[in-house]
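# Survey of secondary and tertiary structure
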Amino acid sequence: MDKKKTVLIIDDDLHIRRVLEIKLKNNGYRPIVAKNGQEGLELLNREKPDAVISDINMPKLDGKAFCLQTNPIKEKRPFLTIVITARINPDEQVWINDLKDTLFMEKPFSPSKIVDSLDEYFNGPEPG
Amino acid sequence: MKKPKVVILLLFIFVLIGIIFIPYAQFTREQQKEHKRVLENGRNLVGILCLSSAANFQSKVNDSFFKQLSQSTSTEGLVYCIIHNKDKEPVISFAPGGIQTMVPPAVTNKSLYAYGFIMQDFTLNNGGEIIEFAKPVFKNGELFSIVRLGLKLSHTKYFTTENLVLPAQIAFFILLALIFGYYWTILSFKNIHQKLDACEGVQVLGEEKNTDIKNIIGDLTFYLNTMDEKFALVESEKQQLESGLKINQFEINQLLNIFNAFDFGLMFLDSRDLVFFINTYFLDLLGKENFDVIDHPLKQFIEHEELRSYIQQHSLTEQRRNSNKMELTFPETQPGQFYLASISNIKDAEGSVSVKSVMIQNVAKEKEAEKSRQDFVNHIAHELRTPLTNIKAYNEMMMDGEISNIEMQKEFFNTINDETNRLAKLISSILELAETEIGQLTAKKDMVKTDWVMKSSLDAVDAFAREKNITIQTEFPDNFPKISGDKEMLKSALINVLGNALKYTRDNGTVTFGLKEIGDMAVFEIVDTGYGIDDNDLPHIFEKFYRSDNDFVFNQEGSGLGLAITSEIIKIHDGFIEVQSELDKGSRFTIKIPKGDLLIG
């Protein structure tokens, strides 16, 4: 297998960061973590991750602002964004649909599902 | 009084026209007669002249010939007599100096080359009206001479006595008729007047004729009196109507004042979509004055296109009231101001609709409330789902056997346990908040002893204070006032504030809990020596789920509902909660609740 894919986890909840970190490590990814959108933005520019998993409700810079700011970067350097939301209401879906390479997952999410989505993005749909 | 004057004036004009036209007609007739006579005379004279010796150039024409000629044409006036030879040269001429030069050449030519008698009217070069009679004289079949006679028409006078007699007579008769008619009328009225006057005094009149007249006059007087009474009645009714109108006007003005005091826009339009009333609120919203709007088409004063078409599209036949409302914003107003427009039709007394009323109200508050309700639901969803997510994710990892390390397994079980507790706490907080909000209706209002509330609150936080080794200093008054309220709710409010004070105070610090009376209020004070509250956060700390961006505060556990619940409880008790804070020094929460004995007393 080639070089490990880097995945940026942005969540203000310590436990979610921790569980995703372990799950991703176990599945052959290199996780990096940020506590809010602001930190996430800094890490994104520095580490150039291949995927981002982001919460919405966060202090400093929230997930929506983060996604909107980083969407133009994808033109040059595409990466997958998985938005984790507590509640999807119709108008929230609209802005997510407008973004490039962005999925959303509702809380409570399953870590395995996240890994499946990442695998699919990097390796294409699994045969069978 | 005006009509007779007009009639007299018309009559005079008529007479005047008559006086002018009758002599004119007479005059024209006379002139025609004269003309005919001149023509006849001229023709005869020329005939005679042709036979005379002068025309044959047999004798020398002397002055007496012309004298005679002048005399026979005295009424017409002889202007000239010229006799030409066969070479058309004037041989004999009787004419005052140089008349020939005054005769236009065309006349001469026509006379000299004619083969028989000719007659022609013409105007002399000096302006005189002339008739020329000319006749050639033939001898042995050859032209011998030409006789020409110029006669002037005598002018009949315009206003001759004859002409004037007839109109003068007519005028005289008309005048006579007028004068007679006038005096006759005056006299007859005078007669009746005298008789009326006489009848009032005279009781008995012997003659039957007089009795008849008296009866007639009596009737007349009766009718006149009745008419007088009716007039008085009409006059009083008119006055009543006028005063009624004044009252109506007053009531209308009152109504308009009320309309203008409304805190929503109101506008009435007639069936042509022209405004006949608009209140001040609406005018302010449009930024217009009354005169810009009244009786002007909508286009001239409503720049807001959507609103305009909304009003125009609403038909007067619409049955449903407020069938559809329109939400709108005005670019001129402050941002965040939302307005709701609605239209309804107003029926008149007969039940037909002729007026559209447009209402527009500011719904920013409702919008705000809806948004905060939405935010609250979103927050609850987020707050509940975060621990739930953790429980699910950690559990899934364990079940999938991804965690083999014993230490890590322990950590995972602990997290699941902690998150379950967090969820349970959160749920009870939400329930407490809901109860508090419902509690506005159900709160028990008992006499609450403040010493009991303070001591039981202290007991509740005692363990937490010990854990952090924080000293709670109490400042109790000599006499504890009583307050009216729900003791459990009040206790819970104080525990929330005390708990926060302990939470944000560093280990081994101090928290002060005191009570004093200020006026009618029991005042609780909770002072901590903690991290303080940032100025940005201070205005929001009583909002539900408000979380500071400050890392330290953020990492503290909490539902984000504690202070919201506290503030709700204090509101129910007609109290106030205030906070002062300085970063790194601490915060001071002041809770004021009205004293209960006051309420009872």
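Residues numbered from 1 in each chain as written. Chains lettered and ligands numbered in written order. Predicted model: local features only at pLDDT ≥ 70, side-chain atom pairs only at ≥ 80, totals over all residues. Heavy atoms only, no water.

### Details of the nonpolar core
Counting 29 residues, the largest nonpolar core has Phe-513, Phe-524, Ile-526, Phe-589 and Ile-591 of chain B as the members making the most contacts within it. Contributing elements (two or more residues each) for this core: α13 (450-468), α14 (487-503), β14 (510-518), β15 (521-528), α16 (562-572), β16 (576-582) and β17 (586-594) of chain B. Ranked by residues supplied to this core, first place goes to α14 of chain B with six residues. Contact partners of Ile-526 of chain B, with chain neighbours within four places excluded, come to Leu-494, Val-497, Leu-498, Ala-501, Val-511, Thr-512, Phe-513, Ser-587, Arg-588 and Phe-589 of chain B. Ala-51 and Val-115 of chain A together with Ala-393 and Tyr-394 of chain B belong to the second-largest nonpolar core, a separate cluster that totals 27 residues. (Core = buried A, V, L, I, M, F, W, Y, C linked by side-chain atoms within 4.5 Å. Buried < 20%, exposed > 50% of the residue type's maximum accessible area, 1.4 Å probe, protein only. Helix = DSSP H or I, 4+ residues; strand = E, 2+ residues; numbered from the N terminus. Contact = heavy atoms within 4.5 Å.)

### A closer look at empty space enclosed by the protein
Residues and elements named next belong to chain B. In the structure shown here, the tally under the stated rule is one cavity of 30 Å³ or more. In this structure, the largest cavity spans a volume of roughly 40 Å³. Surrounding the largest cavity, Leu-490, Ala-493, Leu-494, Phe-524, Ile-570, Ile-591 and Ile-593 form its lining. Contributing elements (two or more residues each) for the lining of the largest cavity: α14 and β17. Per-element accounting of the lining of the largest cavity gives the leading share, three residues, to α14. A breakdown of the residues in the lining of the largest cavity according to their chemical character gives seven nonpolar, no polar and no charged. (1 Å grid on protein atoms, 1.4 Å probe; cavity = no way out; pocket = protein on both sides within 12 Å on 5 of 7 lines; lining within 4 Å. Points joined across faces, edges and corners; volume = space filled by probe spheres on them. Nonpolar A, V, L, I, M, F, W, Y, C, P; charged D, E, K, R; others polar.)

### Section: the interface of chain B and chain A
In this assembly, 29 residues from chain B lie in contact with 24 residues from chain A. Together, His-382, Arg-385 and Thr-389 of chain B form the three largest contributors to the area buried by chain B at its contact with chain A, with a combined 22%. For the interface between chain B and chain A, the tally reads four salt bridges. Between Lys-23 of chain A and Glu-402 of chain B there is a salt bridge whose closest N-O contact spans 2.1 Å. Seen at the junction of chain B and chain A, the total is 13 residue pairs in polar contact (both at pLDDT 80 or more). When contributions to the side of chain B that touches chain A are tallied by element, the ones reaching two or more residues are α11 (364-399), α12 (406-442) and α15 (551-555) of chain B. (Buried area = accessible area lost by both parts, 1.4 Å probe. Salt bridge = Lys/Arg side-chain N within 4 Å of Asp/Glu carboxyl O. Polar contact = N/O pair within 3.5 Å; in protein donor to acceptor, adjacent residues only side chain to side chain.)

### Points about the packing of aromatic side chains
Any two aromatic rings considered together are summarised by their centre-to-centre distance and by the angle between their planes. Counted by the stated rule, this structure contains 15 aromatic pairs over all chains. Note on Phe-262 of chain B and Phe-264 of chain B: the rings are 4.7 Å apart at their centroids and 20° apart in plane angle, and the pair reads as stacked. By the ring-pair criterion, three or more aromatic residues cluster together here, those being Phe-259, Phe-262, Phe-264, Phe-268, Phe-276 and Phe-277 of chain B. Geometry around Phe-79 of chain A places Lys-74 of chain A over its ring, the cationic atom sitting 5.0 Å from the centre. (Phe/Tyr/Trp six-rings, centres within 6.5 Å; stacked < 30°, edge-to-face > 60°. Lys NZ or Arg CZ within 6 Å of the ring centre and 35° of its normal.)

### Overview of helix α5 (residues 111-123) of chain A
Residues and elements named next belong to chain A. For α5, spanning 13 residues, the distance from its first C-alpha to its last is 18 Å, which sits close to the expected 18 Å at 1.5 Å a residue. The complete set of buried residues in α5 reads Pro-111, Ile-114, Val-115, Ser-117, Leu-118 and Asp-119. Residue Gly-124 follows α5 closely and has a positive phi angle near 85°. (Expected span 1.5 Å × (residues − 1).)

### Section: a nonpolar patch on the surface
All names here are of chain B. A surface patch of nonpolar side chains, amounting to about 890 Å² of accessible area, comprises Val-6, Leu-9, Leu-10, Ile-13, Leu-16, Ile-17, Ile-20, Phe-21 and Tyr-24. Within the secondary structure, Ile-20 is located in helix α1 (residues 2-51). Given a relative accessible area of 43%, Ile-20 falls into the partly exposed group. (Patch = residues over 30% accessible without salt bridge, like charges linked within 9 Å, V, L, I, M, F, W, Y side chains within 5 Å. Areas by Shrake-Rupley, 256 points an atom, 1.4 Å probe, with all protein chains shown as cover.)

### Some words on the environment of Leu-99 of chain A
Residues and elements named next belong to chain A. With respect to the element layout, Leu-99 can be found in the loop between α4 (90-97) and β5 (102-106). Its relative accessible area of 12% is what places Leu-99 among the buried residues. For Leu-99 and Leu-68, which are 31 residues apart along the polypeptide, the C-alpha to C-alpha distance reads 7.7 Å. The residues contacting Leu-99, other than those within four sequence positions of it, are Cys-67, Leu-68 and Asn-71.

### Some details on the sheet that holds β5 of chain A
All names here are of chain A. In spatial order, the strands read β2-β1-β3-β4-β5; together these five strands make up an open sheet with parallel pairing. Sheet topology places β2 (30-34) and β5 at the edges, where each strand pairs with a single neighbour. Within the sheet, the average angular offset between the axes of one strand and its neighbour, ignoring direction, is 20°. Bridge count between strand β1 (residues 6-10) and β2: five bridges; the pairing is parallel. (Pairing = 2+ DSSP bridges. Axes fitted to C-alpha atoms, helices over the stretch in contact; angles between N-to-C directions.)

### Regarding helix α2 (residues 63-72) of chain B
Residues three or four positions apart in an α-helix share a direction because the helix packs 3.6 residues into each turn. Residues and elements named next belong to chain B. Within the span of α2, buried status applies to Phe-65, Phe-66 and Leu-69. End-on, the buried residues of α2 take up no more than an arc of 90°, which puts them together on one face. Those residues of α2 that are exposed and aimed more than 90 degrees away from the buried face are Asp-63, Lys-67, Gln-68 and Gln-71. (Arc of directions from axis to C-beta.)

### Quick look at the pairing of strand β3 (residues 118-123) of chain B
Residues and elements named next belong to chain B. As defined by bridge partners, β3 adjoins strand β4 (residues 129-139) across six bridges and the pair is classed as antiparallel. The partner of Thr-123 across the bridge, within β4, is Glu-129. Turn length for the β3-β4 hairpin, with the two strands adjacent in sequence and antiparallel, is five residues, and the turn residue Gly-127 shows positive phi of about 110°.

### Quick word on the side chain of Asp-270 of chain B
Residues and elements named next belong to chain B. In this structure, Asp-270 sits in the loop between β6 (265-269) and β7 (275-278). Accessibility expressed as a relative area gives 15% for Asp-270, which makes it buried. A distance of 2.8 Å separates polar atoms of two side chains, one belonging to Asp-270 and the other to Arg-272. Leave out the neighbours within four places in its chain, and Asp-270 touches Phe-276 and Ser-354.

### Looking at the packing of helix α1 (residues 14-26) of chain A against α11 of chain B
Packing of α1 of chain A against α11 of chain B leaves a shortest axis separation of 9 Å and a crossing angle of 25°. Taken together, the axes of α1 of chain A and α11 of chain B lie roughly parallel to each other. Between α1 of chain A and α11 of chain B the crossing geometry is left-handed. Residues His-15, Ile-16, Arg-18, Val-19, Ile-22 and Lys-23 of chain A of α1 of chain A lie in contact with α11 of chain B, whose contacting residues are Thr-386, Thr-389, Asn-390, Ala-393, Tyr-394 and Met-397 of chain B. Among the residues forming the contact of α1 of chain A with α11 of chain B, the class breakdown is six nonpolar, four polar and two charged. (Parallel < 35°, antiparallel > 145°, perpendicular 65-115°, else oblique. Left-handed = near helix turned anticlockwise from the far one by under 90°.)

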